[in-house]
Structures are given as C-alpha cells and as structure tokens.
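# Secondary and tertiary structure notes
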Amino acid sequence: TSWVYGFGAGRNDGRAEMRNLLGGKGANLAEMASIGLPVPPGFTITTEVCTYFTGNKGAYPADLDGQVKAALARVEEAVGARFGDAANPLLVSVRSGARVSMPGMMDTVLNLGLNDETVKGLEAASGDARFAWDSYRRFIQMYGSVVLGVDHHRFEEIIEDAKLAKGVHEDTQLTAADWQQVAAGYKEMVREVTGADFPLDPWAQLWGAIGAVFGSWMNARAITYRRLHDIPADWGTAVNVQAMVFGNMGDDCATGVCFTRDPSTGENIFYGEYLINAQGEDVVAGIRTPQPMSEARAKPGERSMEAAMPAAYAELVAVRATLEKHYADMQDIEFTVQRNKLYMLQTRNGKRTAAASLKIAVDMANEGLIDHAEAVRRVNPGSLDQLLHPTLDPNAKRNMLTRGLPASPGAASGVVVFSADEAEARAQKGESVILVRVETSPEDIHGMHAARGILTTRGGMTSHAAVVARGMGRPCVAGAGGVVVDYAAQALSAGGVVVQAGETITLDGGTGEVFAGTVAMVEPKLSGDFETLMSWADEVRRLKVRANAETPLDAETARKFGAEGIGLCRTEHMFFDPQRISAVRQMIMSETEAGRRDALAKLLPFQRDDFVELFRIMAGLPVTIRLLDPPLHEFLPHKEEELAEVAESLGADLATMKRRAADLSEANPMLGHRGCRLAMTYPEIAEMQARAIFEAAVIVAKEAEAPVPEIMVPLVATKKELEISHAQIDKVAREVFTEAGMTIDYFVGTMIELPRAALTADKIAETADFFSFGTNDLTQTTFGLSRDDAGKFLPHYVEKGILPKDPFVSIDVDGVGALVEIAAQKGRATKPGLKLGICGEHGGDPASINFCEGIGLDYVSCSPYRVPVARLAAAQAAL
Ligand code: PEP
Ligand code: MG
C-alpha cells in the first residue's frame, strides 16, 4: 500500500480529487505542484494511516517508516539540504489536513528539524543569528505546546522574564543572544514539566509531530466538532510534511493570506493581506497590522504588496489567474515570499457571503470559467433570503436579550407594542413598531401588517405568526420561550431585562435573535446578477413555482419575484377586514340558515372584489382559491360591545349571544369543526364563496384573458366530503354561467392534508381535478403534534438529535413524505394527468423542494418572498 504521496519533489503522486485520501490541504498542494505552481516540496501521509493509527492503539503500518524515509530523501534532494545536517539542515513544517478543515485538531508545527547543532547551520545559511535563534525558540514553543502539551503560558513567562531582565518591552528588542537564552530556558522548563528532555533528534521530532496530528483526531474538541458538523470519525486526517520556506528572513520576505476575489462583495479584485518579514501566524495574530495586496486598495499610510515587492506580486497575480482557471472557483490562498521568491502553501475554495456567492457565480459564467448550470449549482438557495431582506450590520454593536425560532427572515427595529390596535395606531403616526404577542391570531393581521417585525413567545415554525409574517415578508421571531410578556403591566422581560411598551428592540428573523435597543442594518440591494441567475435557474427547472397569497399586495410581490400563479389563497384571511368582520360574526352567530344567508349576502360583494383583483394581477395564470378553513370560533366576538353589535344585527338578546358563543367554542379546534366540515353543515358559506369566485372570473374574462380558477376544498378526509362539495360548486357554476351567458373553465380539487386522505387518494382522485398537499396539517396529524404548541418542545428534539430537523420546516421524508408519495401515486393511478402541488410551508424549503422534484409533483407554492428561493432550489433539484 502507498501510505505516503509526494508532491513538488520531482513527482506528484496526488491530485485535487483525492481529498478523501490526502485531505483537502494535501490534495491541493499536489494539484498546485502538478500544474507548475511554486510549491515547496513535501509529502502527505494518508488518512488511511490515521484510521490504522486510531484502530491500533497508536501503532503504524509496518512499511510506513520506509516510505516516509524515501519521501523525505526526495525532499532533501529537491531542496539540496539534509534533515539533521548541522551544516546545511533541511527544516520542515508538519500540518494536519482533513477532508474538510476542522478546528479543534492540532494544526501546525513549523521549523521542525532544529536542534542545538542545526540551528548553527540555519544561522550560516541565512547569515542571520537572531533569525536562527528566534526560529529555534519558536519551534520549541510550538512543538512543546502542541505535541508535548505544555501550557503556552509557561513559554510566555520565560519571554517576559527575558524582557524584564533587559528592561525592554518588545520582542523585537531581543537579540540573538537573548533568544539563545530563551531557547535554553524553554528546554529546561519542558524537562521540568514533562519529566523528559526536549527531543533533539530530528527523526524523533518528526515522529512525535506525526503522532500528535493523528492523536489529535480523537481529542475531545475534535470529537465535539465532528458531532456538531456531522463529520464521520472514520474520515481521519492526513499529515503534510513540507520543506520550510521563511517569510521572516528579512525585508525581502513576506507572508500572506488572500482571496482571489472579494469574499464579501464578490468583486473581481485581488483581496487579502500580507506582512513583510513575518511568519504565517503573525498575520492572524493581530500584533502587527497586515497590509493590503493591491495598490488600488491601499489607504494612505499603507504599503501594498504591489508597491513593496512588485516582482513577487506580479508572480502572485499570475498564480491567481492560473488557480481560478484551474479550479473554476474563487480560491482562498496562503503564500510566503522568501528572498523575493514566491511559494504557495495552500489553496482551497473560499468561503463567501450570499451576495458574493451570487456575483462570483454570474461573473464566472460570463467569463467562461463555468457554465450556466454550474452557476446555478453554486448559489445556496437559502442564502437568497439574506439578499431580499434588510440584515443586521455585522459590525454593529448589539446586546442580545434572548433567542427564539427564526420564523421569517430579515431584521427590524421598532418600539415594543403589545396589541394589534396599538401597532396600527402608532404605525399610522409614522412610528416603527415591533408587535409582541404571546401568540397571534387572525384578529391581529392588521397589527402584523402595520408592524415592522413580530415577536411571539409561543408557537412553532408553522404557527399563525410565522406563516403570516413570512407571507407578508415581515421579520418574525416566534416561540421565544425566554420572553415573559405581561400585558397588564405593558412590559416584557427576557434574560433579566425588562422592556416597557414604547422602548425599542431589534429582531433578527433570520437567526431568531432579539436585541435590546436599535442595531444598525444594511439594506438589501438586488443586483442585475440576481435576475440573471434566476433566468438561468428558470432554464433548467421543471417544477413550477407559485405563491401563497391572498392580498393584492402579496400577489403583486409574488409576481415581481416570478411566481407562476397562486397555489393557495387562504380566504379566511379576507374576513377580518373591519368592514366585513361584523357580517362574518353575524353569519356565525345566527342560529338559522336564513340569518346566515342574510349575512353572507353582505359578504358576497367584498369577496367578489377580492377575487377580481387577484385574477387581474394573475392574468392568465392559475389561481387556487381555498374555501373557508379555520374553526369558526376564531371569528367570535369577544368584547361586550362586539357581542352587543351582533345581537342587535340579529335581533337577539345579549344572553342568547353569550350562550351561542359558548356553544361554538371547541376543546380542540384544530381537529374540530373546520375545513370542509363547515361546508357539510353550512353549505351556504361555500356557495357564497363559489359564487364570488365565478362572478369575479366572469367579470375579468370579459375584460381580458379568462382566469383559470382552481377551487380547493380543505381538510378532506373522505371521498364523500369532496363529492358533496364538488356538486355544490358545480351547481353554483351553472347558475352563474347561465346568468352571465358565458362559461369559464375551472377546476375543483382538494387539499391532501390528513393521513386518511393520503391513504385513500385513489378514491378521492375520482372526484378531484387536482391535489395540493397541505403539509402543515399533514405533519401535524401524522406526528400527532400540534402546530401551535410544538414550539415548546420541538427545539429540544432537534438539539438532542431525536429528530434531525423541525418537521414543520423541512419535510419528514420517511413519514410525512411517504404519505405524500403514496397519495401522489394513488392519485395518478386513478387519473394519470392529475395535477399535483404542495402549499404547506415546505413548498419554500430547498430540501423539501428537492423531495417534491423526486416524486414528480407539478408545482410548489410558497410565500411570496420565498419564490426566488424556490425557483433556485427547483432548478438545483432538476440538475
Ligand atoms: C397546510 O395545512 O399545509 C396548509 C397549507 O393549510 P393551512 O396552513 O392554512 O392549514
Ligand atoms: Mg391546512
């Protein structure tokens, strides 16, 4: 077996694709060397050795020793120096390198191979005694702490003593003789602490460092990190041994880290920092201020690498182009300049912000480095949220109060108010308000609309507040259990801090964080790149993307973001308008059909106007309108004066009204008298809604292209329910078309949101034109898990790994997904062309969209602001 892969020493055994065997760093060093870039020679000991080492109590494969010796001999040959040679010593670095970079592991030992003899050789070769002794003491310090486990304070104390003895403050004021003394002090201290002499034999040093890297794979920090990031323990780490180059041998030396493009904006400029006469760790240590790469980016007083070392800089610029062309992605690189000669020490794909990711993908496609499909793959759909909403300024000061669920993205600041009416009143005066509620209900819609952001202390990711806020594009933190709301005192408390109504807080709906006071924000900028990438996504996507929208504003937003119709119009959200609510209450509270019809007649024109507007905005596109769904009690009058008003309109007394309200209340409304169950008992409500839809369709058809209404019956459990509703709707259609003297195409379908409906979908399909999966209720009923109460304990399930993800956010493929798949198959077995969509919150979640693509749904429908996310996710799912 080959345990060792050489690079740069006249042969390159590895390639970039071999990252599983060689780790990311080793694979890329080999790749860079093989495309002719200046890489100091070295070799990589494979991750398989790590696995062997871990499984054999720290032992190595028998033939490893020979392979390491042979590889090191090639490095000696290439460099022209010998390991342990007092006159001309080869020095090496030893670094870990897993498949993915992993903090928590031992990472680097530099200058290995130095001892009391070879330090003199380094002095002779460099002509600089101070440099040589400084390098030696750095080596003892690094090796002592990372390999031998000596606390780093013990080393710092010795330096402090040396400075004190000389009466100086800076390391730079110490001379060669001082460093020599420090090195001696280090060795003595190491013997004291570890009970053994510091290893002076270079081979002992090398095997010590290699063992420390492999051993660190199983240290507690690394194990924790792997658990948090789902990294399997059997991946192992590789070890890279590489000839040292020095960036700290004088003013013609330097070291730096940079990105081939700006990682925060994506701009195509060379971006990074370097330091003259410094070793790698000095750049990150923050003691000296690193300087910019390009002259264009240099501020007054700064000295760019371009100006200071023009030849090495020019070489680096050429390397940058080669790397980008070769890897076809933005690179994060480390380099060292030794005596004006450039060496590459690392390259990897660079991390970047959402905005940069988008710009880089589009630019690289335009530059011909990648194709359109690859550009589409490169951008994380979830990150688009960041681009569509204001976000907190990453540099702003902040004072966190608590954290809840990240229910709707974006950031908002405003004064705290505790009621929807107050929110509306203060917003009308021009104030920014944050509506804080234990939970919200449909009665709060106006306040949610008026608010800049919404905070609730109860409820999960599909609670009313979360769903409505996402639909409106309002930032929302839901289920913040750490906040106690005291409506009576008009105050909230969180983490020991009390915030009164009228005081300011800030929400970050993307992280779920809540802050005291105002936090500075950055406004979203939608670049042309966004449109470009979206158009490329649309070229490859199969799934259609619709929006969940009921107001004209939502519908317009949805179209602006590219929605191809409405997949769910929740008509109950149209009932809370102050002009309508009293008629709605009259309808519910009436004990006779005549009374209800009377009230419904008042509602008809309002509903018709609503649909006319939606059909106009969605001209020529499908619009799915769902019949009234929620339990009636949500509309009940609460206050005395509301009860009195309804009593008067119905000609009843107050006591009767109170009794009726009590009758209507349910123990478990989510499983109660809602959805199509309302149409079974009060068919006149569905009749009114159907009439409003058809009359509106006729009006719009006479002006322009006829809309295609898709009428959707909610919460169907049996075929019979849908049959009855379907017949009611058809009857109204015939009536309206006769009156209008024209007919319009329409469809009647159902939501599949109960397990029974999914399992009997073949029967239900006999009377349905389409299915739309209501995965919010389907998740609730499949898990037997209340949507509105789950926020209290579901986060714990996810933290403890009992559930991999919140099933209200990302579809539970094994359970809920299985039901969706069964229903899709059964439905299409009955009707091959049955149109299938999804309109639960999962319709905007990339992983769930990928699932929908896999089972061949026709469309997904999501809140307007998630439409771009869904378009991109659907494209990636299709690729
Ligand atoms: C659903 O249940 O998934 C759905 C879309 O309907 P609602 O959220 O209105 O219950
Ligand atoms: Mg539902």
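Predicted model only: the values in this text are computed from it and were never measured.

### Observations concerning the overall build of the chain
Of regular secondary structure, the chain possesses 34 helices and 33 strands. Structurally, the chain occupies a C-alpha span of about 110 × 60 × 55 Å along its principal axes. In the chain, the share of contacts with a sequence separation of at least 24, taken over all contacts with a separation of at least 6, comes to 67%.

### Looking at the packing of helix α21 (residues 578-589) against helix α22 (residues 593-617)
One way to put it is that α21 packs onto α22 with a least axis distance of 8 Å and a crossing angle of 150°. Viewed along their axes, α21 and α22 adopt a mutual orientation that is roughly antiparallel. For the crossing formed where α21 meets α22, the hand is left-handed. In this structure, α21 uses Arg 580, Ala 583, Val 584, Gln 586 and Met 587 to contact α22, whose residues at the interface are Arg 596, Ala 599, Leu 600, Lys 602, Leu 603 and Phe 606.

### Thoughts on helix α27 (residues 719-740)
Here α27 spans 31 Å end to end across 22 residues, near enough to the 32 Å set by a 1.5 Å rise per residue. Buried residues of α27: Lys 719, Glu 721, Leu 722, Ser 725, Ile 729, Val 732, Ala 733 and Val 736, and no others. When α27 is viewed along its axis, its buried side chains cluster within an angular range of 155° and face the same direction. α27 presents Arg 734 and Thr 738 as exposed residues on the side facing more than 90 degrees away from its buried surface. Where the residues of α27 are buried, they touch α25 (676-681), α26 (683-703), β29 (708-713), β30 (747-752) and α29 (761-765). Where α27 terminates, the next one or two residues include Gly 741, which has phi positive at roughly 70°.

### Considering the sheet that holds strand β22 (residues 497-500)
Within the open sheet, the 3 strands sit side by side as β20-β21-β22. Their pairing is antiparallel. Here the strands that pair on one side only, and so sit at the sheet edges, are β20 (483-486) and β22. Put simply, the sheet's adjacent strands are angled 20° from each other on average, direction ignored. Sheet analysis places β20 next to strand β21 (residues 491-494), joined by 4 bridges and oriented antiparallel. When the sheet's bridge partners are listed, Val 484 is paired in β21 with Ser 493.

### Observations regarding the domain arrangement of the chain
When its domains are assigned, the chain resolves into domain 1 (4-243), domain 2 (254-352), domain 3 (390-522) and domain 4 (541-878). Taken over C-alpha atoms, the centre of domain 2 sits 56 Å from the centre of domain 4.

### Thoughts on the nonpolar core
Formed by 224 residues in total, the largest nonpolar core has its most connected members in Ala 209, Leu 533 and Val 860. The contacts of Leu 533, once residues within four sequence positions are left out, are Leu 358, Ala 361, Val 362, Ala 375, Val 376 and Val 379. One finds Ile 454, Met 472, Ala 480 and Phe 515 within the second-largest nonpolar core, a separate group that totals 47 residues.

### Description of the sheet that holds strand β6 (residues 108-112)
Strand order in this open sheet of 5 strands is β1-β2-β7-β5-β6, and the pairing throughout is antiparallel. The outermost strands of the open sheet, each flanked by one partner alone, are β1 (4-7) and β6. Averaged over all pairs of adjacent strands, the angle between strand axes in this sheet comes to 20°, irrespective of strand direction. Across 4 bridges, the pairing between strand β2 (residues 42-45) and strand β7 (residues 237-243) is antiparallel.

### Concerning the site of ligand 1
As a structural note, the neighbourhood of ligand 1 is formed by Leu 568, Arg 570, Asp 629, Glu 753, Gly 774, Thr 775, Asn 776, Asp 777, Cys 839 and Gly 840. Listing elements by their share of the shell around ligand 1, those giving two or more residues are β27 (566-570) and α30 (775-783). Broken down by element, the residue count for the shell around ligand 1 peaks at 3 residues, all from α30. Partitioning the shell around ligand 1 into residue classes produces 2 nonpolar, 4 polar and 4 charged.

### Regarding the UniProt feature "domain: PEP-utilising enzyme mobile" (unreviewed entry) in the chain
Under the UniProt annotation, the feature "domain: PEP-utilising enzyme mobile" (unreviewed entry) is placed at residues 431-512. The span residues 431-512 carries 18% helix and 35% strand; its end-to-end C-alpha distance comes to 23 Å.

### Some remarks on the packing of helix α33 (residues 846-854) against helix α34 (residues 867-878)
A pair of packed helices can be characterised by two numbers: the angle between their axes and the separation between those axes. The N-to-C vectors of α33 and α34 enclose an angle of 50°; their axes lie 9 Å apart at closest approach. Classed by the angle they form, the pair α33 and α34 counts as oblique. Remark: the crossing between α33 and α34 carries right-handed chirality. Here α33 contributes Pro 846, Ile 849, Asn 850 and Glu 853 to the contact with α34, which in turn contributes Val 869, Ala 870, Ala 873, Ala 874, Ala 877 and Ala 878. Among the residues forming the contact of α33 with α34, the class breakdown is 8 nonpolar, 1 polar and 1 charged.

### Description of the environment of Ala 601
Note on placement: Ala 601 falls in helix α22. Exposure remark for Ala 601: the 13 C-beta atoms within 10 Å place this residue in the partly exposed category.

### Concerning the UniProt feature "domain: PEP-utilising enzyme C-terminal" (unreviewed entry) in the chain
UniProt tags residues 527-877 as "domain: PEP-utilising enzyme C-terminal" (unreviewed entry). Helix and strand shares over residues 527-877 are 55% and 11% respectively, and the end C-alpha atoms of the span are 24 Å apart.

### Considering the confidence of the model for the chain
Looking at the chain as a whole, the pLDDT averages 92, with 99% of positions reaching at least 70. This prediction of the complex comes with two scores: 0.83 for pTM and 0.99 for ipTM.

### Quick notes on the pairing of strand β8 (residues 254-259)
Of all 6 residues making up β8, 5 are buried, and the element is well covered by its neighbours. The sheet contact formed by β8 and strand β9 (residues 271-276) spans 6 bridges and is antiparallel. Bridge pairing in β9 places Gly 256 opposite Tyr 274. In terms of strand pairing, β8 meets strand β11 (residues 331-338) through 6 bridges, oriented antiparallel. Within the sheet, the bridge partner assigned to Phe 259 lies in β11 and is Asp 332.

### Focus on unusual backbone geometry
The backbone phi angle of Asn 111 is positive, close to 65°, even though this residue is not glycine. Mapped onto the fold, Asn 111 is located in strand β6.

### Points about helix α2 (residues 47-55)
Taken as a whole, α2 has its buried residues at Thr 47, Val 49, Cys 50 and Phe 53. Taken down its axis, α2 places every buried residue within 150° of arc, on the same side. Next to the buried residues of α2 lie α1 (19-34), β2, α3 (64-79), α8 (202-216) and β7. The positive-phi residue at the C-terminal boundary of α2 is Lys 57, with phi of around 50°.

Rules of the game
- Residues numbered from 1 in each chain as written.
- Chains lettered and ligands numbered in written order.
- Predicted model: local features only at pLDDT ≥ 70, side-chain atom pairs only at ≥ 80, totals over all residues.
- Helix = DSSP H or I, 4+ residues; strand = E, 2+ residues; numbered from the N terminus.
- Contact = placed C-beta atoms within 7 Å.
- Axes fitted to C-alpha atoms, helices over the stretch in contact; angles between N-to-C directions.
- Parallel < 35°, antiparallel > 145°, perpendicular 65-115°, else oblique.
- Left-handed = near helix turned anticlockwise from the far one by under 90°.
- Expected span 1.5 Å × (residues − 1).
- Buried ≥ 20, exposed ≤ 12 C-beta atoms within 10 Å, placed from the backbone.
- Arc of directions from axis to C-beta.
- Pairing = 2+ DSSP bridges.
- Domains from an automatic or database assignment.
- Core = buried A, V, L, I, M, F, W, Y, C linked by C-beta atoms within 7 Å.
- Near = placed C-beta within 6 Å.
- Nonpolar A, V, L, I, M, F, W, Y, C, P; charged D, E, K, R; others polar.
- UniProt positions renumbered as here; feature names shortened; annotations may be inferred.
- pLDDT = per-residue confidence, 0-100.

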